[in-house]
Amino acid sequence: MTKLTDEDAKTAFAPYLRPGERVNETAYGVKQPHIGLIILFTLLGVLPGVIYATVMTKHYLIGLTDTQFVVLQVKGMKSTKVKEVMVFPLADLPRMDVKTSENAIFTNIKLKEDDRLFVAKFHRAYSKVNRPNAQAIAGRLARS
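Residues numbered from 1 in each chain as written. Predicted model: local features only at pLDDT ≥ 70, side-chain atom pairs only at ≥ 80, totals over all residues. Heavy atoms only, no water.

Regarding a nonpolar patch on the surface
A cluster of nonpolar side chains, Leu47, Ile51, Val55 and Met56, forms an exposed patch at the surface whose accessible area comes to about 400 Å². Structurally, the position occupied by valine 55 is in helix H3 (residues 46-56). For valine 55, a relative accessible area of 61% translates into the label exposed. (Patch = residues over 30% accessible without salt bridge, like charges linked within 9 Å, V, L, I, M, F, W, Y side chains within 5 Å. Areas by Shrake-Rupley, 256 points an atom, 1.4 Å probe, with all protein chains shown as cover. Salt bridge = Lys/Arg side-chain N within 4 Å of Asp/Glu carboxyl O. Helix = DSSP H or I, 4+ residues; strand = E, 2+ residues; numbered from the N terminus. Buried < 20%, exposed > 50% of the residue type's maximum accessible area, 1.4 Å probe, protein only.)

What about the pairing of strand E6 (residues 106-113)?
Sheet topology note: the strand E5 (residues 97-102)/E6 ladder contains 6 bridges and is antiparallel. When the bridges of E6 are listed, valine 98 appears paired with leucine 111. In this antiparallel pair of consecutive strands, E5 and E6, the connection spans 3 residues. Two successive antiparallel strands, E6 and strand E7 (residues 116-123), enclose a turn made up of 2 residues, where aspartate 114 displays a positive phi of approximately 50°. (Pairing = 2+ DSSP bridges.)

With respect to the side chain of glutamine 68
Position of glutamine 68 relative to the elements: it lies in strand E3 (residues 68-74). Residue classification places glutamine 68 among the buried residues on the basis of a relative accessible area of 4%. There is a polar contact of 2.8 Å between the side chain of glutamine 68 and the side chain of glutamate 21. Those residues in contact with glutamine 68 that lie beyond four places of it in its chain are Tyr16, Leu17, Arg18, Glu21, Gly63, Val87, Phe88, Pro89 and Leu90. (Polar contact = N/O pair within 3.5 Å; in protein donor to acceptor, adjacent residues only side chain to side chain. Contact = heavy atoms within 4.5 Å.)

Focus on the nonpolar core
Among the nonpolar cores identified, the biggest contains 20 residues, and Ile62, Phe69, Ile109, Leu111 and Phe118 are the most heavily contacted of them. Listed by contribution, the elements that provide at least two residues to this core are strand E2 (58-64), E3, strand E4 (82-89), E6, E7 and helix H4 (130-143). Top element by residues in this core is H4. It accounts for 4 residues. Counting 13 residues, the second largest nonpolar core, distinct from the first, contains Ala12, Phe13, Leu17 and Val30. (Core = buried A, V, L, I, M, F, W, Y, C linked by side-chain atoms within 4.5 Å.)

Set out below in structure tokens:
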């Protein structure tokens, strides 16, 4: 199986949208365990480090509609099998702690609302549209 296309990702959001609503942008990202823990397990042996990083990494598809930001935690990089769903209405963003940033490789997004937290980074090389889509989503979230 190859990487997800933008259309595959948009299709994955269909069950979680309101009638008539459509996803404008999607992006794929990850939340990896702390680098110190990865290094520690790698020092114990390369295989334990690789296994730890692989098992503990969370994979996300994010989507932005005209009214909401939808986060799908998926099984893996090439999967649309959903493990968890978080929906953040765009109207609620002003009362949330929203942080976005960019560097040469990643676009980073963090949303914190009371007891809910979403943090992930979106790699520019995942697909041709991953970086511009992640930037567009981050820009919209930061403006709210």
